Amino acid sequence: QVQLEESGGGLVLAGGSLRLSCTASRGSLSNYGLAWFRQAPGKEREFVATVSWTGVSTDYADSVKGRFTISRTNAKNTLHLKINNLNPEDTAVYYCAAGAGASSYNTYDYWGQGTQVTVSS
């Protein structure tokens, strides 16, 4: 059983940066692929980025390549997402997930409750 909690969201101006974090308050993340998803109002859940259980392999959605960086620190049981050059289209609730490490949301077993990112122009 794994319990996840996101943090780091907030209200920022376009062009700014944020660092989101996800911590496992229960269980270990060392043997799971980890991912970030996001969901904007009126839209379906969207894949953002994933990192393998080894920490070697990463994958990003085309919409965030070059701006977002996913990383993990297994010693601290945490996952991070560094976001640069934010734009209003990035406004969404961001969720972390642990599971198989694929880009499909239904391959993940554990989810956090989400953290709100709002970008104003």
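Residues numbered from 1 in each chain as written. Predicted model: local features only at pLDDT ≥ 70, side-chain atom pairs only at ≥ 80, totals over all residues. Heavy atoms only, no water.

(A) Region of interest: the nonpolar core. Formed by 35 residues in total, the largest nonpolar core has its most connected members in Leu-4, Trp-36, Leu-81 and Tyr-94. Among the elements of the structure, β3 (18-26), β4 (33-39), β5 (46-51), β7 (68-73), β8 (78-83), β9 (92-99), β10 (108-111) and β11 (115-120) are those that each provide at least two residues to this core. No other element matches β9, which puts 5 residues into this core. Every residue in contact with Tyr-94, bar those within four places of it in the chain, is listed here: Glu-6, Leu-20, Trp-36, Phe-37, Arg-38, Val-48, Phe-68, Leu-81, Ile-83, Gly-114, Thr-115 and Val-117. (Core = buried A, V, L, I, M, F, W, Y, C linked by side-chain atoms within 4.5 Å. Buried < 20%, exposed > 50% of the residue type's maximum accessible area, 1.4 Å probe, protein only. Helix = DSSP H or I, 4+ residues; strand = E, 2+ residues; numbered from the N terminus. Contact = heavy atoms within 4.5 Å.)

(B) View of the state of the cysteines. With the rule as written, the count across this model stands at 1 disulfide. Bridging Cys-22 to Cys-96, the disulfide has an S-S length of 2.0 Å. Across the S-S bond linking Cys-22 and Cys-96, the dihedral sits near 55 degrees, which makes this disulfide right-handed. With a gap of 74 residues between them, Cys-22 in strand β3 and Cys-96 in strand β9 connect regions that are remote in the sequence. Judged on exposure class, the residue Cys-22 and its partner Cys-96 are both buried. (Disulfide = S-S within 2.5 Å.)

(C) A look at the sheet that holds β8. The sheet built from 4 strands is open, its strands ordered β1-β3-β8-β7 with antiparallel pairing. Across the chains shown, the open sheet's two edge strands, defined by having one partner strand only, are β1 (3-7) and β7. With strand direction ignored, the average angle separating the axes of adjacent strands in the sheet is 20 degrees. In this sheet, β3 lies alongside β1 in antiparallel orientation, the contact comprising 5 bridges. Of the residues in β3, the one forming a bridge with Leu-4 is Ala-24. (Pairing = 2+ DSSP bridges. Axes fitted to C-alpha atoms, helices over the stretch in contact; angles between N-to-C directions.)

(D) Seen up close, the pattern of salt bridges. Overall, the coordinates contain 4 salt bridges when judged by the stated rule. Ionic pairing is found between Asp-90 and Arg-67, a salt bridge with its closest N-O pair at 2.8 Å. Of the two residues, Asp-90 sits in the loop between β8 and β9 while Arg-67 sits in the loop between β6 (58-60) and β7, which places them 23 residues apart along the sequence. Overall, Asp-90 belongs to the buried group, its relative accessible area being 1%. (Salt bridge = Lys/Arg side-chain N within 4 Å of Asp/Glu carboxyl O.)

(E) Region of the structure containing the side chain of Thr-91. Along the chain, Thr-91 turns up in the loop between β8 and β9. Judged by relative accessible area, which is 19%, Thr-91 ranks as buried. A distance of 3.0 Å separates a polar atom in the side chain of Thr-91 from the backbone nitrogen of Val-119. When sequence neighbours within four positions are dropped, the list of residues in contact with Thr-91 reads Ala-40, Gln-116, Val-117, Thr-118 and Val-119. (Polar contact = N/O pair within 3.5 Å; in protein donor to acceptor, adjacent residues only side chain to side chain.)

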